[in-house]
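Chain residues, written in single-letter form:
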Amino acid sequence: MKQSLTFMPTMRQVPSDADIISHQLLLRAGFIRQNTSGVYSFLPLGKKVLQKIEKIIREEMEAIDAVEVFMPALQQAELWQETGRWYSYGPELFRLKDRHDREFVLGATHEEVITSLVRDEVKSYKKLPLTMFQIQTKFRDEQRPRFGLLRGREFIMKDAYSFHATEESLDEKYEDMKRAYMNIFTRLGLDFRAVIADGGTIGGTDTHEFMALSDIGEDTIAYSDSSSYAANIEMAEVNISYIKKDEPLKEVEKVATPDQKTIDEVATYLEIETDQLIKTLIFRADDEHVAVLCRGDHEINAIKLKNTLGATEIELAAERDVQSLLACAVGSIGPVKLPVGLHVIADHAVAAVVNGVCGANEDGFHLKNVNPERDFAVDSYEDLRFIREGDVSPDGNGTIKFAKGIEVGHIFKLGTTYSEPMEGTFLDENGKAKPYIMGCYGIGVSRILAAVAEQFNDENGLKWPKNLSPYDVHLISVNVKDDIQKELADELYSVLKSYRYEVLYDDRPERAGVKFADSDLIGLPIRLTVGKKASEGIVEVKFRQTGETTEWQKEEITEKLQGFFSTQ
Ligand SMILES: Nc1ncnc2c1ncn2[C@@H]1O[C@H](COP(=O)(O)OP(=O)(O)O)[C@@H](O)[C@H]1O
Ligand SMILES: [Mg+2]
């Protein structure tokens with residue numbers, strides 16, 4: 001493609017509303033333009049990268065026998081009413097009416113549409129399993145669209161859905177998908193982790209997220225420094241091998257701690273470490289109050305607590321509820337002599353505390369030398385706390401480290417969450433009607449464009465991996481008015497095209513400095529510059545990844561290029 005004929009508006013200035021590097025560079029290098037908040041156009045360079053990303057995804061989906069479809073973005077409200085998501089989805093769902101006042105949504109996702117498609121056609125177990133995918137535009141009226149393509153309101157997603165007669169069949173497909181996702185993100189060149197995730201609002205039990213590692217990521221991942229263990233910190237189990245100190249149990253002692261409210265204040269005042277403290281929090285789980293204990297240096301993870309209690313909603317009890325329950329302030333609660341009938345659960349670490357310190361359920365006082373079982377009862381010990389950096393990895397291998405990640409993919413086992421309310425059923429071997437068992441599998445295609453840009457750049461611009469680069473070769477003719485240079489550049493352009501290279505040919509009558517700066521900004525893997533040495537048949541070569549430069553004779557170019565592109 002001749003640069004003079006295409007549309008790649010580059011900018012020297014950093015756009016003021018772009019706060020992360022990938023967004024700045026994709027705008028500056030002319031890959032995308034914003035239309036309005038969270039809504040973007042993909043310009044020719046951006047579109048080309050998208051196509052390469054999509055090609056990899058298609059190949060890996062087809063390799064596990066997923067078939068491609070294309071479903072409507074415009075979806076009748078009735079479908080969403082069947083599953084109840086019309087009422088529960090909230091303001092992220094774009095809703096609209098047609099001229100007859102019928103209600104519609106712009107598809108935020110496609111479980112309803114695909115379930116309705118399949119239920120009308122697939123009536124027998126003999127036609128299962130079935131897996132379909134599409135690459136399509138999704139609409140979500142995100143509260144905070146930000147970071148360019150990373151969180152848009154209109155974005156491109158690959159979504160796949162599988163239908164099964166048995167749990168085992170779903171388990172198999174889920175593993176196939178996980179492997180396909182590993183292949184996809186590896187081929188995309190991303191530094192990523194597959195992490196154990198929380199099901200969230202979509203329902204279902206087993207779920208993994210695929211995270212591209214990046215400091216600007218919105219999620220925190222806990223991973224082992226020596227195994228493949230990785231989990232969203234919300235979900236990371238904690239290894240419970242605590243060592244109980246071997247020291248004699250002392251007498252409980254009540255001590256005055258005037259005005260010492262926080263854990264740190266109390267620890268400093270009593271000259272103890274925070275891990276000697278037992279923290280007691282009163283939560284409201286649906287309609288019941290629960291006392292939740294953990295060590296002073298640990299934090300309760302509300303998601304674990306909610307899952308353990310099987311509650312739909314949990315929140316910290318209101319100050320006045322605590323007052324009426326215990327007659328003390330929130331900072332003075334302790335586990336000794338709690339009201340009879342109050343459910344008490346504790347994090348495993350509490351069981352190993354010896355001669356600990358806790359609130360006395362009386363403002364201004366704490367109890368010293370408190371010991372679990374001897375001085376207070378616990379209904380059950382559970383895994384309730386957030387994992388920390390430095391903890392033993394839950395799989396027993398290595399130490400936990402934290403990293404930030406961008407969620408680029410997400411796979412779920414849905415079970416019958418959608419098929420049941422939508423009456424999507426098939427007849428099993430015994431002629432009995434059963435709801436399909438389903439899985440769903442998403443990849444953020446446009447988000448990946450940004451995630452790759454976030455991982456592959458330097459101070460001069462983008463640095464595309466060879467297999468995602470919009471073009472293979474940037475051919476630059478330094479002075480288009482020089483006949484010798486122009487002739488050689490034209491010749492190379494046509495030869496390289498005949499060798500099936502995708503060539504971006506800068507034939508513009510611009511200054512060399514402008515061309516080189518644009519070229520670094522756009523970031524194709526290799527640049528061939530036809531300049532002063534054209535008369536000797538020599539071109540200058542620059543590798544974007546390493547910054548190395550060299551010279552090649554005209555005759556050796558195709559062979560050298562072949563060598564370059566055949567290595568990763
Ligand atoms: N607003 C968005 N902009 C760009 N990509 C998104 C957006 N929301 C989700 N995605 C991509 O689509 C994939 C599947 O979406 P899903 O898991 O349903 O979204 P979420 O995690 O936001 O609920 C995500 O892993 C992510 O890569
Ligand atoms: Mg998700």
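- Named according to an unreviewed UniProt entry, the protein chain is Proline--tRNA ligase originating from Sporosarcina soli.
- Note on the protein chain: under the UniProt heading Subunit (unreviewed entry), the record states "Homodimer."
- Turning to the protein chain, the UniProt annotation filed under Subcellular location (unreviewed entry) states: "Cytoplasm".

Description of the coordination of the magnesium ion (ligand 2)
- Around the magnesium ion (ligand 2), the protein supplies Glu 407 (OE) and His 410 (ND1) as donor atoms, at distances of 2.1 to 2.2 Å.
- The partly exposed category is assigned to Glu 407, whose relative accessible area is 23%.
- Its relative accessible area of 11% is what places His 410 among the buried residues.

A few points about unusual backbone geometry
- Residues Leu 128 and Pro 129 are joined by a peptide bond in cis, for which omega reads 0°.
- Tracing the backbone through its elements, the reader meets Pro 129 in the loop between helix H5 (111-119) and strand S7 (130-139).
- Despite not being glycine, Asp 65 has its phi angle at roughly 65°, a positive value.
- Here Asp 65 shows up in the loop between helix H2 (44-63) and strand S3 (67-68).
- In this structure Asp 65 comes out as exposed when scored by relative accessible area, which is 63%.

Some remarks on the pattern of salt bridges
- By the definition in use, this model includes 39 salt bridges.
- The shortest N-O distance in the salt bridge between Arg 153 and Asp 141 comes to 3.0 Å. Separated by 12 residues along the polypeptide, Arg 153 in the loop between S7 and strand S8 (154-164) and Asp 141 in the loop between S7 and S8 bring together distant segments of the chain.

Some words on the sheet that holds strand S28 (residues 503-506)
- In spatial order, the strands read S28-S27-S29-S30-S31; together these 5 strands make up an open sheet with mixed pairing. Two strands bound the open sheet, and with one partner strand each, they are S28 and strand S31 (549-553). Neighbour-to-neighbour, the strand axes of the sheet open up by a mean angle of 25°, direction not taken into account.
- Where strand S30 (residues 538-543) meets S31, 5 bridges bridge the pair, whose relative direction is antiparallel. Its bridge partner lying in S31, Lys 542 is registered against Thr 549.
- Contacts between helix H12 (residues 512-522) and the sheet are confined to strand S27 (473-477), S28, strand S29 (526-530) and S30, with S27 contributing the most and set at about 175° to the helix.

Thoughts on the sheet that holds strand S5 (residues 94-97)
- The sheet built from 3 strands is open, its strands ordered S4-S6-S5 with antiparallel pairing. Lying at the two open borders of the sheet, with one neighbouring strand each, are strand S4 (74-76) and S5. Within this sheet the neighbouring strands show an average axis-to-axis angle of 40°, counted without direction.
- Direction of pairing for S5 relative to strand S6 (residues 103-106): antiparallel, over a ladder of 4 bridges. Paired with Arg 95 across the bridge in S6 is Val 105.

Examining the nonpolar core
- Of all hydrophobic cores here, the largest spans 60 residues; its most connected members are Leu 26, Phe 31, Met 61, Phe 185 and Trp 464.
- Non-local contacts of Trp 464, meaning those with residues more than four positions away in its chain, are made with Leu 26, Phe 31, Val 49, Leu 449, Val 452, Ala 453, Ser 469, Pro 470, Ile 522, Gly 523, Pro 525 and Gln 545.
- In terms of nonpolar packing, the next biggest core, distinct from the first, is built from 24 residues, Val 113, Val 118, Leu 414 and Tyr 418 among them.

Considering the site of ligand 1
- Ligand 1 sits among 14 residues. The nearest are Arg 140, Glu 142, Gly 152, Glu 407 and His 410.
- Between Glu 407 and ligand 1, the recorded distance is 2.6 Å, taken from a side-chain N or O atom to an oxygen atom.
- For ligand 1, the accessible surface in isolation is 530 Å², of which the surrounding protein chains cover 85%.
- Of all the secondary-structure elements, those providing two or more residues to the shell around ligand 1 are S8 and strand S21 (400-415).
- Ranked by residue count, the leading element in the shell around ligand 1 is S21, at 4 residues.
- Grouping the constituent residues of the shell around ligand 1 by class yields 5 nonpolar, 4 polar and 5 charged.

Some remarks on the state of the cysteines
- Going through the model one piece at a time under the given rule, you end up with 0 disulfides.
- The thiol of Cys 328 is unpaired, and the distance to the nearest cysteine sulfur, on Cys 358, comes to 11 Å.
- In this structure Cys 328 comes out as buried when scored by relative accessible area, which is 0%.

Criteria and thresholds
- Residues numbered from 1 in each chain as written.
- Chains lettered and ligands numbered in written order.
- Predicted model: local features only at pLDDT ≥ 70, side-chain atom pairs only at ≥ 80, totals over all residues.
- Heavy atoms only, no water.
- UniProt positions renumbered as here; feature names shortened; annotations may be inferred.
- Donors = N, O, S within 2.8 Å, 3.2 Å for Na, K, Ca; no water.
- Buried < 20%, exposed > 50% of the residue type's maximum accessible area, 1.4 Å probe, protein only.
- Helix = DSSP H or I, 4+ residues; strand = E, 2+ residues; numbered from the N terminus.
- Salt bridge = Lys/Arg side-chain N within 4 Å of Asp/Glu carboxyl O.
- Pairing = 2+ DSSP bridges.
- Axes fitted to C-alpha atoms, helices over the stretch in contact; angles between N-to-C directions.
- Contact = heavy atoms within 4.5 Å.
- Core = buried A, V, L, I, M, F, W, Y, C linked by side-chain atoms within 4.5 Å.
- Near = heavy atom within 4 Å.
- Polar contact = N/O pair within 3.5 Å; in protein donor to acceptor, adjacent residues only side chain to side chain.
- Areas by Shrake-Rupley, 256 points an atom, 1.4 Å probe, with all protein chains shown as cover.
- Nonpolar A, V, L, I, M, F, W, Y, C, P; charged D, E, K, R; others polar.
- Disulfide = S-S within 2.5 Å.

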